[in-house]
Amino acid sequence: MAKSLFAHAVPKKGLDEDGYIVEQLKQDVLWLGHAKVVIRSDNEPALVQVVQTTLAALKMAGVTSAVEEGSAPYDPQTNGAAENAVRLLKGTLKANMLGLERQIEARVPVDHPIVTWLVSHSASVRTMRVKGPDGRTAQQRARGSAASTRLIPFGEV
């Protein structure tokens, strides 16, 4: 399992008018390069709709098997890996936000548009740079090679 982390800030829960979240999820799955995928979500109707629309988009993009798996009702451990990923992302996001604020010597309001980019960037940093117990990054496990992109602090001037 690659344990790649993807995150996207969205204006509301569920499907959006321009298909942003479905396109982002599709691109994330295609980046992994798997022909067969299972997408798990809780059973919340707004998220189920996003997952079903994404599965259809993946099938149209050539993924041979794309299926949905709902979590077990009233069993929080079913989503344990997702909850852990959220916790890790929050920590990385907070560190990146503090670094950005130090860089620009100002506070950044949570509703500022740059935060949208910072969410995705924080997930990418974890995928490209954080090594697991096997000594490899999620990118190495998913793609077979380490990221060659040189990272600079978010907001570097």
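Everything discussed here concerns the structure shown above.
The rules we used
Residues numbered from 1 in each chain as written. Predicted model: local features only at pLDDT ≥ 70, side-chain atom pairs only at ≥ 80, totals over all residues. Heavy atoms only, no water. Helix = DSSP H or I, 4+ residues; strand = E, 2+ residues; numbered from the N terminus. Salt bridge = Lys/Arg side-chain N within 4 Å of Asp/Glu carboxyl O. Buried < 20%, exposed > 50% of the residue type's maximum accessible area, 1.4 Å probe, protein only. Right-handed = clockwise from strand over helix to strand, strands pointing away. Core = buried A, V, L, I, M, F, W, Y, C linked by side-chain atoms within 4.5 Å. Contact = heavy atoms within 4.5 Å.

(A) How the structure looks around unusual backbone geometry. Positioned with a positive phi, Glu 105 is a non-glycine residue whose angle comes to about 55°. Within the secondary structure, Glu 105 sits in the loop between helix 3 (80–104) and helix 4 (113–129).

(B) Here's a closer look at the pattern of salt bridges. In the structure shown here, the tally under the stated rule is 7 salt bridges. Between Glu 69 and Arg 40 there is a salt bridge whose closest N-O contact spans 2.3 Å. On the criterion of sequence distance, the pair formed by Glu 69 in strand 2 (residues 65–70) and Arg 40 in strand 1 (residues 36–41) is long-range, its members being 29 residues apart. Among the ionic contacts, a cluster of salt bridges with common partners joins Asp 134, Arg 136 and Arg 141.

(C) A look at the pairing of strand 1. The alternating pattern of strand 1 places Val 37, Ile 39 and Ser 41 on a buried face, while none of Lys 36, Val 38 and Arg 40, on the opposite face, is buried. As for the winding sense of the linkage, the β-α-β connection from strand 1 through helix 2 (residues 45–60) to strand 2 is right-handed.

(D) Up close: the nonpolar core. Within the largest apolar cluster, 11 residues are counted, these being Leu 5, Ala 7, Leu 89, Met 97, Leu 100, Val 108, Val 115, Leu 118, Val 119, Ala 123 and Phe 154. Looking at which element gives the most residues to this core, the answer is helix 4, with 4 residues. Apart from residues lying up to four places away in sequence, Leu 118 is in contact with Leu 93, Asn 96, Met 97 and Phe 154. Counting 8 residues, the second largest nonpolar core, distinct from the first, contains Val 29, Ile 39, Val 51 and Leu 58.

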